[in-house]
Amino acid sequence: MRPWQYLLTALLLAVLLAVLRISWIRRRKREERDFTRRLETLLLPREQVKVVCPGRRGRWVLTSTRLLLEEGEGFLAIPFRKIKSLRGTDGTGKTTMSVAKMTSLTVKTDSEHTLQNTSPEFPRLARELKARTARRKKQTAGKKAPSRKSGSP
């Protein structure tokens with residue numbers, strides 16, 4: 001092949017890579033826009049988004065009143081009162097509640113949902129979720145059965 005043919009081939013490959021990159025960027029922007037629209041339609045009045053953490057199976061969204069798990073085209077909403085337990089595991093598979101050591105977080109409701117520590121938002125999500133469930137347990141433990149006073153006039 002002549003040198004100009006090599007240059008032409010290199011130019012065609014560069015154009016092809018540029019077109020693929022542009023289409024990939026547009027696809028990611030469209031997916032992000034669609035996610036935002038779907039999330040906005042799902043939020044309750046006065047509900048605020050605290051953390052959005054991407055995972056392998058979809059995003060986890062922590063709001064002021066519940067945890068939302070993205071599942072394909074929809075969301076699974078888990079109110080804080082339905083969360084039975086949180087379990088963090090470290091690199092060796094041992095249970096830990098230290099957010100800094102967690103490699104995965106398992107939320108147990110009627111079923112178990114696990115999020116791996118693959119994004120920078122993971123520690124904030126784990127910390128906030130841990131605080132929300134601990135606050136709920138304190139509130140339910142602090143409530144006492146109403147006492148009846150004996151001896152009515």
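Reading guide: rules and limits
- All residue numbers refer to position in the chain's written sequence, counted from 1.
- Totals for whole chains, interfaces and linings use all residues, but because this is a predicted model, local features are given only for residues with pLDDT of at least 70 and pairs of side-chain atoms are given and counted only at 80 or more.
- Side-chain metrics in this entry use all non-hydrogen atoms of the structure; hydrogen atoms and water are not considered.
- By the criteria applied, helices consist of DSSP H or I runs no shorter than four residues and strands consist of E runs no shorter than two, each listed in order from the N terminus.
- Think of it in three bands: residues with accessible area under 20% of the maximum for their type are buried, residues over 50% are exposed, and the middle band is partly exposed, with areas taken using a 1.4 Å probe on protein chains only.
- Contact definition: two residues touch when any of their heavy atoms are within 4.5 Å.
- Under the convention used here, a 1.4 Å probe and the Shrake-Rupley method define accessible areas, while residue burial counts only the protein chains that appear.
- Any carboxyl oxygen of Asp or Glu within 4 Å of a side-chain nitrogen of Lys or Arg constitutes a salt bridge here.
- Only buried residues count toward a nonpolar core. Its members are Ala, Val, Leu, Ile, Met, Phe, Trp, Tyr and Cys residues joined through side-chain atoms within 4.5 Å.
- Polar contacts, as counted here, are pairs of nitrogen or oxygen atoms within 3.5 Å of one another; within protein the pair requires one atom able to donate a hydrogen and one able to accept it, and residues that are adjacent in sequence qualify only if both atoms are side-chain atoms.
- Using only the protein atoms, space was sampled on a 1 Å grid; points where a 1.4 Å probe fits but cannot get out form cavities, open sets with protein on both sides within 12 Å along at least five of seven lines form pockets, and lining residues are those with an atom within 4 Å of a point.
- Grid points are joined across faces, edges and corners, and a volume is the space filled by probe spheres set on the points.
- Nonpolar residues are Ala, Val, Leu, Ile, Met, Phe, Trp, Tyr, Cys and Pro. Charged residues are Asp, Glu, Lys and Arg, and all others, Gly as well, are polar.
- Strands qualify as paired when DSSP identifies two bridges or more between them.

Caption draft 1: A look at the overall build of the protein chain. In terms of regular secondary structure, the protein chain is built from two helices and eight strands. Seen in sequence order, the protein chain has helices and strands lined up from the N terminus as α-β-β-β-β-β-β-β-β-α. In the protein chain, buried positions account for 28% of the 153 residues. Sequence separation of 24 or more characterises 40% of the internal contacts of the protein chain that already satisfy a separation of 6 or more. Of the roughly 11500 Å² of accessible surface on the protein chain, 55% is carried by carbon and sulfur atoms.

Caption draft 2: Here's a closer look at the pattern of salt bridges. Scanning all chains against the criterion turns up seven salt bridges. Where Arg59 meets Glu70, a salt bridge forms, and the shortest distance between an N and an O atom there is 3.5 Å. One end of the pair, Arg59, is in strand β2 (residues 58–63); the other, Glu70, is in strand β3 (residues 66–71), with 11 residues separating them in the sequence. Per residue, the accessibility class of Arg59 equals that of Glu70, and both read buried. Ionic contacts of the salt-bridge type, sharing partners, join the residues Glu32, Arg38, Arg59 and Glu70 into one network.

Caption draft 3: View of the nonpolar core. The biggest cluster of nonpolar side chains holds 19 residues, and the ones touching the most others in it are Leu67 and Leu129. Those elements giving two or more residues to this core turn out to be β1 (49–55), β2, β3, β7 (104–108) and α2 (122–142). Among the elements that line this core, the one with the most residues is α2, at four residues. Here Leu67 is in contact with Trp60, Val61, Leu62, Leu76, Ala77, Ile78, Phe80, Val107 and Leu129, once residues within four sequence places are set aside.

Caption draft 4: Representation of unusual backbone geometry in the model. Here the phi dihedral of Arg46 falls at roughly 65°; this positive angle occurs in a residue that is not glycine. Its location among the elements puts Arg46 in the loop between α1 (3–42) and β1. Judged by its relative accessible area of 85%, Arg46 falls in the exposed class.

Caption draft 5: Layout of the side chain of Thr63. In this fold, Thr63 is placed in strand β2. For Thr63, a relative accessible area of 0% corresponds to the buried category. Here Arg66 takes part through its backbone oxygen, which lies 2.8 Å from a polar atom of the side chain of Thr63. Ignoring any residue separated from it by four or fewer positions in sequence, one finds Thr63 in contact with Leu43, Glu47, Gln48, Val49, Lys50, Leu68 and Phe80.

Caption draft 6: A look at the layout of surface pockets. Approximately 290 Å³ is the volume found for the largest pocket. Residue lining of the largest pocket: 15 residues in total, with Arg57, Trp60, His113, Thr114 and Leu115 positioned closest to the centre. Secondary structure elements with two or more residues in the lining of the largest pocket: β2, β3 and β8 (112–116). The element contributing the most residues to the lining of the largest pocket is β8, with five residues. Partitioned by chemical class, the residues of the lining of the largest pocket number three nonpolar, six polar and six charged.

Caption draft 7: Representation of the pairing of β7 within the structure. Within β7, four of the five residues are buried, which leaves it mostly tucked inside the rest of the structure. With five bridges connecting them, strand β5 (residues 85–89) and β7 associate as antiparallel partners. If you follow Leu86 over to β7, its bridge partner there is Val107. The sheet contact formed by β7 and β8 spans five bridges and is antiparallel.

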